[in-house]
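Here is what each chain is made of, one letter per residue.
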Amino acid sequence: SHNVQSALKLGHARGVAMVAASGKGIPVAEYTALQVKKAVVGYGRADKNQMQEMVKMLLNLHRRTAQDASDALAVALCHAHSTPLDQTRSAISSGDTFKHSFERRF
């Protein structure tokens with residue numbers, strides 16, 4: 001089936017990305033759809049429209065983003081909500097931002 005082939009390709013791409021990141025010491029985090037929805041909307045069974053609207057509101061955007069962009073932004077918001085504030089402050093104050101860390105590694 002087409003869905004099975006798509007799932008396999010996505011799984012391979014995901015695995016390659018995770019191995020590449022961990023090989024360079026870049027931390028990898030994973031979240032379930034339920035976790036992302038709960039972090040962004042407050043309800044784990046929120047639908048796509050609720051997610052898009054909440055992403056728009058939380059990020060003070062003028063309009064809804066495309067579905068894929070909303071999904072990516074929702075995961076980023078979930079990660080921001082899940083990362084301890086002390087850890088974030090420590091990384092910022094040490095100058096170890098993602099860009100800085102990325103530039104040092106490559």
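Residues numbered from 1 in each chain as written. Predicted model: local features only at pLDDT ≥ 70, side-chain atom pairs only at ≥ 80, totals over all residues. Heavy atoms only, no water.

Caption draft 1: How the structure looks around the side chain of Ser-70. Mapped onto the secondary structure, Ser-70 falls in helix H4 (residues 67-82). Not counting residues up to four positions away in its chain, the partners in contact with Ser-70 are Gln-52, Val-55 and Thr-65. (Helix = DSSP H or I, 4+ residues; strand = E, 2+ residues; numbered from the N terminus. Contact = heavy atoms within 4.5 Å.)

Caption draft 2: Structural detail: the nonpolar core. One finds Val-36, Val-40, Ala-46, Met-51, Val-55, Ala-74, Leu-77 and Cys-78 forming the largest nonpolar core, which totals eight residues. Contributing elements (two or more residues each) for this core: helix H2 (33-40), helix H3 (48-58) and H4. For this core, the leading source of residues is H4, giving three residues. Beyond its immediate chain neighbours, meaning those up to four positions away, Leu-77 contacts Val-40, Val-55, Leu-58 and Leu-59. (Core = buried A, V, L, I, M, F, W, Y, C linked by side-chain atoms within 4.5 Å. Buried < 20%, exposed > 50% of the residue type's maximum accessible area, 1.4 Å probe, protein only.)

Caption draft 3: Quick look at unusual backbone geometry. Positive phi outside glycine occurs at Asn-60, with the angle close to 55°. By secondary structure assignment, the location of Asn-60 is in the loop between H3 and H4. Classification of Asn-60 by relative accessible area gives exposed; the value is 66%.

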